[in-house]
Structure formats: C-alpha cells, structure tokens
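Letter by letter, the chains look like this.
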Amino acid sequence: MRNYIIKRLLLIPFTLLGILLINFAIIQLAPGGPVEYVLAQYKGIQTSATGNINSSIPNINEQKYQGSKGIPDDLVKELEKQFGFNKPIHVRFLKMLNDYIHFDFGKSYYKDKTVLELIKERLPVSISLGLWSTLIIYLIAIPLGIKKAKLDGENYDIITSFIIFIMSAIPVFLFAVLLIVLFAGGTYFQLFPLKGLTSDNWENFSTIHKILDYFWHITLPTLCIVIGGIASLTMLTKNSFIDELSKQYVLTARAKGLDEKKILYHHVFRNAMLIIISGLPALLVKILFTGSLLIEIIFSLNGMGLLGYEAIMTRDYPVIFGTLYIFGLLGLVLKLISDITYSLVDPRINFDKA
C-alpha cells in the first residue's frame, strides 16, 4: 500500500497541471473577459449576466476592442496591463504555474483581497454544510438501505421507495423555498433565520449560545441538502446489499446455520460497503463545492460555491483558477483517502498489485 500511496502522490502534480492547462485553454477561447467586464461597466451596460457582457463587447482577442467605441484607447491599454493581458498567453500560463507551486494564487480583480483570503473566509461555510450534510446522509441512508434490502418487495420497501422517488424528483431549491415558506417567516412560522450562518452579534454570545445559534442557522440549509442527497445513497446501499445477499458465500453461511444478523453485518456489510465508500470523495466534493451553490444563494451563505459562481460571472480569473486548483487538489486527496479506506475495510484489496 505504501508504494501505491507514493505513486498517487507523485501523480497529483501532473494531474493538476492537466486540469489547469485544459481549463486555461477553455477560458482563453470563451468570449468575454475581465477587460470586457470593466469596459461594460464603464459604458453603463448591465453586467449581472455573462450574456450581456458578451453581446455588448467582443472577445479580448479582437483587435482594439472594436465593440468599445467611445472608450479611450489609453484606458483599454491600462486595463490590459492591469490584468496582465499585455503578455503572451504562454507567459501568463507559466507565471501562473510558478505562482501556484508556491501557493500564491494572486489577488482578486474586483475585491481588495487575495484569493487565499477569500477562500479562507468562504471555506468554513462550505465545510460546515458539506460535513454535516454528508454525515447525516450516511447516518440515514445506509441503515435505511440495509433495511430495504432485508425487506425487499415488502410494504416497508414499497412505501419508502415511493417516498425516495418523490424526494429525488423534486429539485433541491424547491425544498429550500418550501422550508423558507413554512419555517422561516415566508408565510406560516418563523422558527429559523432566513439568511447567514450566524447572527450579527454572534461574537458577543457565550460559548453555548454560539453553538446553539450556529445550529439554528444551519438547520434549514443542511436539511435541504440532506433531502436532495439521501435518495441516491439509499438505493445504492440497498442494491449493493441485495447483490451481496444473492452470492454463494451467503448461501453457504446460511446453510451452516449462522445467525442472519451475523451474516448481514459480519460478512455482507464489509463487501457491500466497498462501492459506497468509493463514492464518498465524489459526494463530498459535490456537496462542498457544487451541490450547495443554490442553497448558498437562497440562504445568503457566502460559501465556496457562491464564490466560484461570482468569479465566473465577473471573469475574475485569479479566483476561478485558484478555487479550481484547490478543488482539484482536494478531490485528488479525497480519492486517495477513499482508496486507503477501501484497503482498511477489505484487507484482501492490494493496490500495489494493481
């Protein structure tokens, strides 16, 4: 296992290089850019949506920004210099790689903060949502999936499958709107706050009050993510256990007279959990950085998903590539942790021979 871990660690820099290279090339081909964004604001054009920028001002590669009539050429050249677009593409890419090796992600084009400062501010929100949501999803979905596998085809399985089908069919943001209407002062009750992760005067609270206030604010956003994510894991757990229960070693154990619970939790559980463990890194990355985007917007939570969305909308390249680098690195590390957990759950798996 040690050799496998070393090989995977050595592959991480090359994988990150490929991710950055591909996305850097895509960004260069995409219409619009930070210069166009600023020029659009200068002309008083609405810049809340990317399409408005692109339809009003041409790509950065068009000579002298022919769409920016009435704007001084000196201003355009100054913006190009400010954003570094007065240098060739390969020079900019190599400089970015050199900076990233030293974990220098630069400074946001529009916020008076470095990318690391922005990530440091937003990351706790995404981690809070991601960890609590993932923990609750696994605590509910795995026991539920096991029970559905044991009672496959019975009334309990049919009723829960119907409920799960409804949960998976409704978008997460609709659950968020429904919970706000019911419990956040929308129409009926005002039991939970509508926005933020903590109250305005949170710093002045006692320790116990801080903890209670935190959970008070995070309840509805977490509940939305849990409702949206529990269905797939439940069905994955059920199908995995049903597949294992039909195998020969289970029939042999039953023929020997072993207790059904011992068969299920001692023999079947370890094998069935492998496919579930393998999906944990993807689930964590999805919840941490993409799945919670709409939830962050609806509940006004300044997390990583919202930061990345804002950066794309405003073409804030340092933030885009900085968060992409962090996402990629975290995803690769989580995948390695998943493989290690794989080996711990089932010692028969030897990645060194793979």
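Every chain is numbered on its own, with residues counted from 1 as its sequence reads. This being a predicted model, a pLDDT of at least 70 is required before a residue's local features are given, and a value of 80 or more before pairs of side-chain atoms are given or counted; all residues contribute to the totals for chains, interfaces and linings. Note that water and hydrogens are dropped before the side-chain values are worked out from all heavy atoms of the structure.

### What to know about the overall build of the protein chain
Here comes step 1: Counting its secondary structure elements, the protein chain contains 15 helices and 0 strands.
Here comes step 2: Of all 354 residues assigned to the protein chain, the portion counted as buried reaches 42%.
Here comes step 3: Taking the intrachain contacts of the protein chain between residues at least 6 apart in sequence as the baseline, contacts between residues at least 24 apart amount to 72%.
Here comes step 4: For the accessible areas, the method is Shrake-Rupley and the probe is 1.4 Å, while residue cover comes only from the protein chains on display. Accessible surface, the protein chain as shown: approximately 19,600 Å² in total, 65% of it carbon and sulfur. Numbering of helices and strands starts at the N terminus; helices are DSSP runs of H or I of at least 4 residues and strands are runs of E of at least 2. Between buried and exposed lies partly exposed: a residue is buried under 20% and exposed over 50% of the maximum accessible area for its type, with that area taken using a 1.4 Å probe on protein chains only. Should any heavy atoms of two residues lie within 4.5 Å, those residues are counted as being in contact.

### Some thoughts on helix 1 (residues 2–29)
Owing to its 3.6 residues per turn, the α-helix brings residues three or four apart onto one side.
Here comes step 1: Its 28 residues give helix 1 an end-to-end C-alpha distance of 41 Å, which sits within 8% of 40 Å, the value for a rise of 1.5 Å per residue.
Here comes step 2: The angle between axes fitted to the seven-residue stretch ending at a residue and the seven-residue stretch beginning at it gives the bend at that residue. At isoleucine 12, helix 1 shows its largest bend, some 30°, and a proline, proline 13, comes one to four positions later. By this rule, a helix spans an expected 1.5 Å times one less than how many residues it contains.

### A closer look at the packing of aromatic side chains
Here comes step 1: Only Phe, Tyr and Trp rings take part, Trp by its six-membered ring, and two of them pair if their centres are within 6.5 Å. Stacked means planes under 30 degrees apart, edge-to-face means over 60, and tilted covers everything else. This structure, assessed with the given rule, holds 11 aromatic pairs.
Here comes step 2: Ring geometry for phenylalanine 24 and phenylalanine 93: centres 5.1 Å apart, planes at 50°, overall tilted. In this pair, phenylalanine 24 sits in helix 1 while phenylalanine 93 sits in helix 5 (residues 89–101), placing the two residues 69 residues apart along the sequence.
Here comes step 3: With centroids separated by 5.8 Å and ring planes inclined at 80°, the aromatic side chains of phenylalanine 103 and phenylalanine 105 adopt a geometry described as edge-to-face.
Here comes step 4: On the accessibility criterion, phenylalanine 105 (4% relative accessible area) is buried.
Here comes step 5: Counting every residue linked through ring pairs, the aromatic cluster contains Phe24, Phe93, Tyr109, Tyr317 and Phe321.
Here comes step 6: Charge over a ring is defined by NZ of Lys or CZ of Arg lying within 6 Å of the ring centre and within 35 degrees of the ring normal. Above the ring of tyrosine 156, the side-chain terminus of lysine 147 is found at 4.7 Å from the ring centroid.

### Observations regarding the packing of helix 6 (residues 115–150) against helix 9 (residues 207–245)
Axis angle and axis distance: for two packed helices, these are the angle between their axes and the distance between the axes, and together they describe the pair.
Here comes step 1: Axes, fitted as lines to C-alpha atoms, cover a helix only where it is in contact. Angles between the N-to-C directions of the axes lie from 0 to 180 degrees. In the contact formed by helix 6 and helix 9, the axes pass within 5 Å of each other and the chain directions differ by 35°. Considering how the two elements wind past one another, helix 6 and helix 9 form a crossing that is right-handed.
Here comes step 2: Gly falls in the polar group here, along with every residue not listed as nonpolar (Ala, Val, Leu, Ile, Met, Phe, Trp, Tyr, Cys, Pro) or charged (Asp, Glu, Lys, Arg). A per-class count over the contact of helix 6 with helix 9 returns 23 nonpolar, 7 polar and 2 charged. Crossings are sorted by hand: turned counterclockwise from the far helix by less than a right angle, the near helix makes the crossing left-handed, and turned clockwise it makes it right-handed.

### Re the pattern of salt bridges
Oppositely charged side chains can form a pair if their charged atoms are brought close together.
Here comes step 1: When a carboxyl oxygen of Asp or Glu lies within 4 Å of a side-chain nitrogen of Lys or Arg, that pair is called a salt bridge. Tallying each qualifying case throughout the model produces 9 salt bridges.
Here comes step 2: One salt-bridge network, held together by shared partners, links Lys148, Asp152, Asp157 and Lys238.

### A closer look at the side chain of threonine 314
Here comes step 1: Structurally, threonine 314 can be placed in helix 14 (residues 304–314).
Here comes step 2: A polar contact is formed between the side chain of threonine 314 and the backbone oxygen of glutamate 310, at a distance of 2.9 Å. Two N or O atoms form a polar contact when they lie within 3.5 Å of each other; inside protein one atom must be a possible hydrogen donor and the other a possible acceptor, and for residues adjacent in sequence the pair counts only when both atoms belong to side chains.

### Quick notes on unusual backbone geometry
Here comes step 1: Residue phenylalanine 103 is not a glycine yet carries a positive backbone phi of 55°.
Here comes step 2: Structurally, phenylalanine 103 is set in the loop between helix 5 and helix 6.
Here comes step 3: A positive phi is found at arginine 315, a non-glycine position, where the angle reads about 55°.
Here comes step 4: Within the secondary structure, arginine 315 sits in the loop between helix 14 and helix 15 (317–345).

### Quick word on the confidence of the model for the protein chain
Here comes step 1: The predictor reports its confidence for every residue as pLDDT, a score running from 0 up to 100. Chain-level pLDDT for the protein chain is 77 on average; 79% of the residues reach the 70-or-more range.
Here comes step 2: Here residues 46–68 scores under 50 on pLDDT; set against residues more than four positions off or in separate chains, the count is 44 contacts.

### Thoughts on the environment of isoleucine 140
Here comes step 1: Structurally, isoleucine 140 is set in helix 6.
Here comes step 2: A C-alpha to C-alpha distance of 7.5 Å links isoleucine 140 and isoleucine 230, two positions 90 residues apart in sequence.

### Side note on the packing of helix 1 against helix 5
Here comes step 1: Between helix 1 and helix 5, whose axes approach to 12 Å, the crossing angle comes to 145°. The chirality of how helix 1 crosses helix 5 is right-handed. Listed contacts from helix 5 to Leu17, Leu20, Leu21, Phe24 and Gln28 of helix 1 are Ile89, Arg92, Phe93, Met96, Leu97 and Tyr100.
Here comes step 2: Residue composition of the contact of helix 1 with helix 5, grouped by class: 9 nonpolar, 1 polar and 1 charged.

### With respect to a nonpolar patch on the surface
Here comes step 1: For patch detection, residues must exceed 30% relative accessible area and be free of salt bridges, and they are connected within 9 Å for like charges or within 5 Å for nonpolar side chains (Val, Leu, Ile, Met, Phe, Trp, Tyr). The grouping of Ile159, Phe162, Ile163, Phe165, Ile166, Ile170, Phe173, Leu174, Val177, Leu294, Ile297 and Tyr309 at the surface amounts to a nonpolar patch, some 1,100 Å² of accessible area in total.
Here comes step 2: Put simply, the parts of the chain that give the nonpolar patch at least two residues each are helix 7 (155–169), helix 8 (172–183) and helix 13 (293–298).
Here comes step 3: Top element by residues in the nonpolar patch is helix 7. It accounts for 5 residues.
Here comes step 4: Relative to the helices and strands, phenylalanine 173 resides in helix 8.
Here comes step 5: Classification of phenylalanine 173 by relative accessible area gives partly exposed; the value is 35%.

### Comments concerning the environment of leucine 123
Here comes step 1: Within the element layout of this structure, leucine 123 appears in helix 6.
Here comes step 2: For the pair leucine 123 and glycine 303, spaced 180 residues apart in sequence, the C-alpha separation works out to 6.0 Å.

### With respect to helix 5
Here comes step 1: Its 13 residues give helix 5 an end-to-end C-alpha distance of 19 Å, which sits within 8% of 18 Å, the value for a rise of 1.5 Å per residue.
Here comes step 2: Phenylalanine 103, located one to two residues past helix 5, shows a positive phi value of around 55°.

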